[in-house]
Number of protein chains: 2
Amino acid sequence: MFDLLRNYIERFTSLPDEDWQLLLPHLLRKDLTKGACFSREGKICKEIGFVVSGNMRHYYTKDGEERTTYFYFENSMVTDYISCILGKPGSLTIEAMSDTSLIVFPYAILKSLYNQSHAWERFGRLLSEYLAAGLEERMTGLLMLNAEERYAQLLNSNRQKIIERIPQHLIANYLGITPVSLSRIRKRISKK
Amino acid sequence: MFDLLRNYIERFTSLPDEDWQLLLPHLLRKDLTKGACFSREGKICKEIGFVVSGNMRHYYTKDGEERTTYFYFENSMVTDYISCILGKPGSLTIEAMSDTSLIVFPYAILKSLYNQSHAWERFGRLLSEYLAAGLEERMTGLLMLNAEERYAQLLNSNRQKIIERIPQHLIANYLGITPVSLSRIRKRISKK
DNA sequence: CCGATCCGTTAACAAATGATAAGAAAATGA
DNA sequence: TCATTTTCTTATCATTTGTTAACGGATCGG
């Protein structure tokens, strides 16, 4: 099963077996039941996860309300990256939306791999670049497009999984609008 | 003068002289007059810049209008990172807002340094992480805060340079609102 | 010095979005 | 199965934001 993670990593950069063996002993399987948390607001996130099956969301809290801003599906990494990088308590909570299987390993291990191996350092760079590119695209959407255009953008992106598998009020959060507003947008679009 | 760049890099990770010497021969000084462009929409960005003096902005074009979403001040890196990373034509234009002095070098050189040296690869990782953390914070602000809160956030951040040195209609762009709306927000705040 | 341009404010109106509540359909769980 | 919860829609009203236009001050170049 751990090969799923290896394949994911090799999509960024080829990883000699020697390097892979440095990580392998630290991998664990972790199963979360629906509603369980991987990382919590106020706690320092010390683990990296890889979603084998299931899906998760992360949310911030404002005025006591959860505001979901990201979703994780199978075959992707999950962590509070900011908390890991800065080593500070996170401001978001990551929660399983369904029963979810993860492969996990300590962020401290990844950091030590950065020191031990150029290949792992490269993976870290490419992962961060990939992350930054995604954030940039999404932020530009928020700055340049209105709510309806953002929903259309999501429809035409490679993130359809979100439309298909996520409840609408959470998609509204993700788009930065209210569920009521998203419902209106959908109605407007369906009339065209 | 090139030491300014070296100091900047060393704030991320210590760089042995040997590694610095790999980059040094490729550094050039470049002066832009007010209004000149460092990178243009539709062109592949092939250079990394470091702002020695002056300031710049980058903007996207929507319906023929410029939408400024970022500012660069002295002592910071400037480039169309997405265009560099993906090797694709950029969708933004980077322009000098005043006469600006840069240190520049080809992105291709940085890429080769990634191959030649673990220390440079590390710098690349840390720079990307720093970039991602900044994008994440700003995106969260866009999703969680209304326009007035975003302006207050900017006021209380370590980005006051923007308030002090940037025309208000461009700050409005940066916040994702219209200049008229920002003017109203400022009026509301001043009444308190 | 003068004209042109840029910049910020204000007003009036239109459009979009938020807040709240009600109701119905669908999913969930005992 | 039945009650409960979740999810989505719709309506109403308030608020915010966008749009357009006008005005005056500031800045800039000749």
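Calculation notes
Every residue gets a number counted from 1 within its own chain, in the order that chain's sequence is written. Chains and ligands are labelled by the order in which they are written, letters from A for the one and numbers from 1 for the other. The predicted origin of the model limits local features to residues at a pLDDT of at least 70 and limits the giving and counting of side-chain atom pairs to 80 or more, whereas totals for whole chains, interfaces and linings rest on all residues. Excluding hydrogens and water, the side-chain values take into account all heavy atoms of the structure. Overlaid copies result from least-squares superposition on C-alpha atoms, with residues included only where pLDDT is at least 70 in both. Working rule for contacts: check all heavy atoms of both residues, and any pair within 4.5 Å makes them a contact. A carboxyl oxygen of Asp or Glu within 4 Å of a side-chain nitrogen of Lys or Arg is what we treat as a salt bridge. Helix and strand definitions here come from DSSP, where helices need a minimum of 4 consecutive H or I residues and strands a minimum of 2 consecutive E residues; each element is numbered from the N-terminal end. We call a residue buried when its accessible area falls under 20% of the maximum for its residue type, exposed when it is over 50%, and partly exposed in between, using a 1.4 Å probe and counting protein chains only. Throughout the structure description, domain borders are defined by an automatic or database domain assignment. Note on definitions: buried area is the accessible-area loss of two parts on being combined, 1.4 Å probe, summed for both. N or O atoms within 3.5 Å of each other form a polar contact, as long as, within protein, one can give a hydrogen and the other can take it, and as long as residues adjacent in sequence are counted only when both atoms are side-chain atoms. The nonpolar class holds Ala, Val, Leu, Ile, Met, Phe, Trp, Tyr, Cys and Pro. Asp, Glu, Lys and Arg form the charged class, and all remaining residues, Gly among them, are polar. Criterion used throughout: strands pair if DSSP finds at least two bridges between them. Under this scheme, a helix contributes an axis fitted over its contacting stretch, all axes are lines through C-alpha atoms, and angles between N-to-C directions fall in the 0 to 180 degree range.

Asks: Can you walk me through the relation of the copies chain B and chain A in this structure?
Replies: Between the two copies of the chain lies a rotation about an axis combined with a shift along it. The two copies are related by a screw motion: chain B maps onto chain A through a turn of 180° and a shift of 0.0 Å along the axis, at an RMSD of 0.0 Å. This pairing of chains is accounted for by a two-fold axis. Closest to the rotation axis within chain B is the C-alpha of Arg125(B), separated from it by 1.9 Å. Of the residues that chain B buries at the interface, 100% are likewise interface residues in chain A, meaning the two copies contact each other through the same surface.

Asks: Would you take a moment to explain the pattern of salt bridges for this structure?
Replies: Pairing is possible between side chains that carry opposite charge, provided their charged atoms lie close to one another. In this structure the tally under the stated criterion is 26 salt bridges over all chains. Glu47(A) serves as the salt-bridge partner of Lys30(A), at 3.0 Å between the closest nitrogen and oxygen. Of the two residues, Lys30(A) sits in strand E1 (residues 28–32) while Glu47(A) sits in strand E3 (residues 47–53), which places them 17 residues apart along the sequence. Taking the relative accessible area as the measure of exposure, Lys30(A) reaches 28% and is therefore partly exposed. Owing to a relative accessible area of 23%, Glu47(A) belongs among the partly exposed residues under this scheme. Through salt bridges with shared partners, a single network forms among Glu121(A), Arg122(B), Arg125(B) and Glu129(B).

Asks: Explanation requested: the domain arrangement of chain A in the structure shown.
Replies: A common way to report how large an interface is uses the accessible area buried once the components associate. Residues and elements named next belong to chain A. Domain annotation for chain A reports domain 1 (2–144) and domain 2 (146–192). On a C-alpha basis, the centres of domain 1 and domain 2 stand 25 Å from each other. The partner domain 2 presents 15 residues to the 16 residues of domain 1 that form the contact. In terms of surface lost to domain 2, no three residues of domain 1 exceed Phe71, Phe73 and Arg138, which account for 40% of the buried area on that side. Applying the counting rule to domain 1 against domain 2 returns two salt bridges. Here Arg165 ties to Glu74 by a salt bridge, and the two come within 3.2 Å at their closest N and O atoms. On the surface where domain 1 and domain 2 come into contact, there are four residue pairs in polar contact (both at pLDDT 80 or more). Elements with a minimum of two residues in the side of domain 1 that touches domain 2: strand E5 (65–72) and helix H5 (118–144). Looking at the side of domain 1 that touches domain 2, the element that brings in the most residues is E5, giving six residues. Tallied by class, residues from the side of domain 1 that touches domain 2 come to six nonpolar, five polar and five charged.

Asks: For this particular structure, what's the right way to read the sheet that holds strand E3 (residues 47–53) of chain B?
Replies: The strands making up a sheet are joined through hydrogen bonds of the backbone, oriented either antiparallel or parallel. All names here are of chain B. The four strands are arranged E1-E8-E3-E6 in an open sheet whose pairing can be described as antiparallel. Of all strands in the sheet, those bounded by a partner on one side alone are strand E1 (28–32) and strand E6 (77–78). Inspection of the sheet shows E3 paired to strand E8 (residues 100–106) by six bridges, in the antiparallel sense. Bridged to Phe50 within E8 is Ile103. Helix H1 (residues 2–10) contacts E1, E3, E6 and E8 of the sheet and is inclined by roughly 110° relative to E3. Contacting E3 and E8, helix H4 (residues 107–116) runs over the sheet at an angle of about 50° to E8.

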